[in-house]
Amino acid sequence: PNLIYIIVLFSHNKSYGLLVPRLCTSISTCFRVKMMTQHLRRISIACCHRSFGSKPHVSKVKPMLLETTVDWSSLPTVKLRGKRFLLGSESPNVPEFLSPPRDGFPPVYVPADDGEFSPEAWAAAARDVSRGVVDGTRGVGAALFRNIPLNTAKDFSRFVNSLGLKPMSYEGGVTMRNSVEHNVDTASNEHPAMSMGLHNEMSYTHYYPRKVIFYCEEPAEPGKGGESVMVDVREILRKLDPEVVDKFRQLGIRYHRYLPAHGEFFHGYNSWRDAFRTSSRDDVETYLRARNVAWAWGKDGSVSWWYNLPAMRFYKGEWLWFNQANLHNADFTTAHPDYDSANPVPVHQAPFNSQYGDGSEIEPE
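Residues numbered from 1 in each chain as written. Predicted model: local features only at pLDDT ≥ 70, side-chain atom pairs only at ≥ 80, totals over all residues. Heavy atoms only, no water.

### What about the nonpolar core?
No. 1: One finds F248, F276 and W305 to be the most contacted residues of the largest nonpolar core, which totals 38 residues.
No. 2: Ranked by residue count, the leading element in this core is strand 12 (residues 303–309), at four residues.
No. 3: Once residues within four sequence positions are removed from consideration, F276 is found in contact with E171, G172, L259, V284, Y287, L288 and W305.
No. 4: By size, the runner-up hydrophobic cluster in this structure holds 24 residues, among which are L65, F105, A125 and V160. (Core = buried A, V, L, I, M, F, W, Y, C linked by side-chain atoms within 4.5 Å. Buried < 20%, exposed > 50% of the residue type's maximum accessible area, 1.4 Å probe, protein only. Helix = DSSP H or I, 4+ residues; strand = E, 2+ residues; numbered from the N terminus. Contact = heavy atoms within 4.5 Å.)

### A closer look at helix 6 (residues 281–290)
No. 1: Turning to helix 6, its buried residues number three or more, namely V284, E285, Y287 and L288. Along the long axis of helix 6, the arc covered by the buried residues comes to 155 degrees, so they all point the same way. Facing away from the buried side of helix 6, by more than 90 degrees, are the exposed residues D282, R289 and A290.
No. 2: On its buried side, helix 6 packs onto helix 5 (272–276), strand 11 (294–297) and strand 12.
No. 3: Capping the start of helix 6, S280 holds a side-chain oxygen 3.2 Å from the backbone nitrogen of D282, two or three residues further along. (Arc of directions from axis to C-beta. Polar contact = N/O pair within 3.5 Å; in protein donor to acceptor, adjacent residues only side chain to side chain.)

### Description of the environment of L259
No. 1: Positionally, L259 belongs in strand 10 (residues 253–259).
No. 2: Spatially, the C-alpha atoms of L259 and W297 are 9.8 Å apart, while their sequence positions differ by 38 residues.

### Concerning the environment of N270
No. 1: Secondary-structure assignment places N270 in the loop between strand 10 and helix 5.
No. 2: In this structure N270 comes out as buried when scored by relative accessible area, which is 4%.
No. 3: Taking the C-alpha atoms as reference points, N270 and R177, 93 residues apart in sequence, are found 8.9 Å from one another.

### Brief notes about the pairing of strand 11
No. 1: Of the pairings in the sheet, the one linking strand 11 to strand 12 comprises four bridges and is antiparallel in character. The residue of strand 12 that forms the bridge with A296 is S304.
No. 2: From the end of strand 11 to the start of strand 12, which pair antiparallel, there are five residues, and G301 there has a positive phi angle of about 90 degrees. (Pairing = 2+ DSSP bridges.)

### What to know about the pairing of strand 15 (residues 352–356)
No. 1: The buried count for strand 15 comes to five of five residues, which makes it a mostly enclosed element.
No. 2: Sheet topology note: the strand 10/strand 15 ladder contains five bridges and is antiparallel. Along strand 15, the bridge assignment pairs Y255 with S354.

### Let's talk about the sheet that holds strand 15
No. 1: Pairing within the open sheet is antiparallel, and its four strands lie in the order 11-12-10-15. The sheet terminates laterally at strand 11 and strand 15, the two strands that pair on one side only. The sheet shows a mean angle of 15 degrees between the axes of neighbouring strands, taken without regard to direction.
No. 2: On the sheet, helix 6 packs against strand 11 and strand 12 and is oriented at approximately 160 degrees with respect to strand 11. (Axes fitted to C-alpha atoms, helices over the stretch in contact; angles between N-to-C directions.)

### Side note on helix 4 (residues 242–251)
No. 1: The opening residue of helix 4, the one whose side-chain oxygen lies 2.9 Å from the backbone nitrogen of E243, is D241.
No. 2: The positive-phi residue at the C-terminal boundary of helix 4 is G252, with phi of around 70 degrees.

### Digging into unusual backbone geometry
No. 1: In this structure, the amide linkage connecting F105 to the following residue, P106, adopts the cis form with an omega of 0 degrees.
No. 2: Mapping P106 onto the fold places it in the loop between strand 4 (65–68) and strand 5 (108–111).
No. 3: Of note in this structure, N147 is not a glycine but carries a positive phi near 70 degrees.
No. 4: Locating N147 in the fold gives a position in the loop between strand 6 (144–146) and helix 2 (153–160).

See the structure below:
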């Protein structure tokens, strides 16, 4: 069955996403939030705790979503340490295996019955869940919806465009994404063998989404990948070495971007025409000038730009680890399946690189 969920899928699947701006809360609300989804199968309602979408006396008119418990024990074991094409997996500090989702995170919601409703009606029910569970007093930051009857990308577009959110574009984004329907892009055109590490969605930009909503049209086949990871960056920050945190807090992060004039110069990564969805240099400079960043045009028509951003954000009374210092480092490029070590790419021509805010290199460890 098709699913909608606020997570990211990768490797041998088709998934679509819509970005919604405003201040990000944590990796579980406005980044590419992730969780394991290897086996996507219908679940029965084991224990319903809460319902959203309508009052009992109008349940036949409006759809309802009920919270349910999920037995994650059937998920396969996923190896992390030493995993190919996963940046940093050779470190002894990386867990040997991926931990299964913990109870209650993310909360899972399913339709209360098999009634036929429009995508717009399901959006109203999902909006109530989002307001009460993702953003409200419960504030867990994410929700997983299963078995909502959306069968196509067009259905998903109707759904997301009825959530009452303000969409944003992927202008200035790193990876290649194709527009599928109104305000709906492919999640990523990354190489299917590549493992996407943990990251905050578009935290390397000045303007990032508050929510990311993903829809699975074609689940990954068993053994073909598709595992996704969801973490809470509040916990990540608490677990990091205090000396590392202090250095990033003091210096911030410098992001460097390089994009050629034409074509896919590296699998899954944009030319500046693709990234900015324009053929006008003036449009590119307008974007960069508005964000107060430095840039330079190369003789070959390429463009480079660089800027500093904080490594953390303060939100709802606490600091969050909010950056892409890991995945935006040039080391990510060298770990790519298509990277040709016999013809190394100079760091300044890597699609992206990260440094400390003073221009010094971030230690590999």
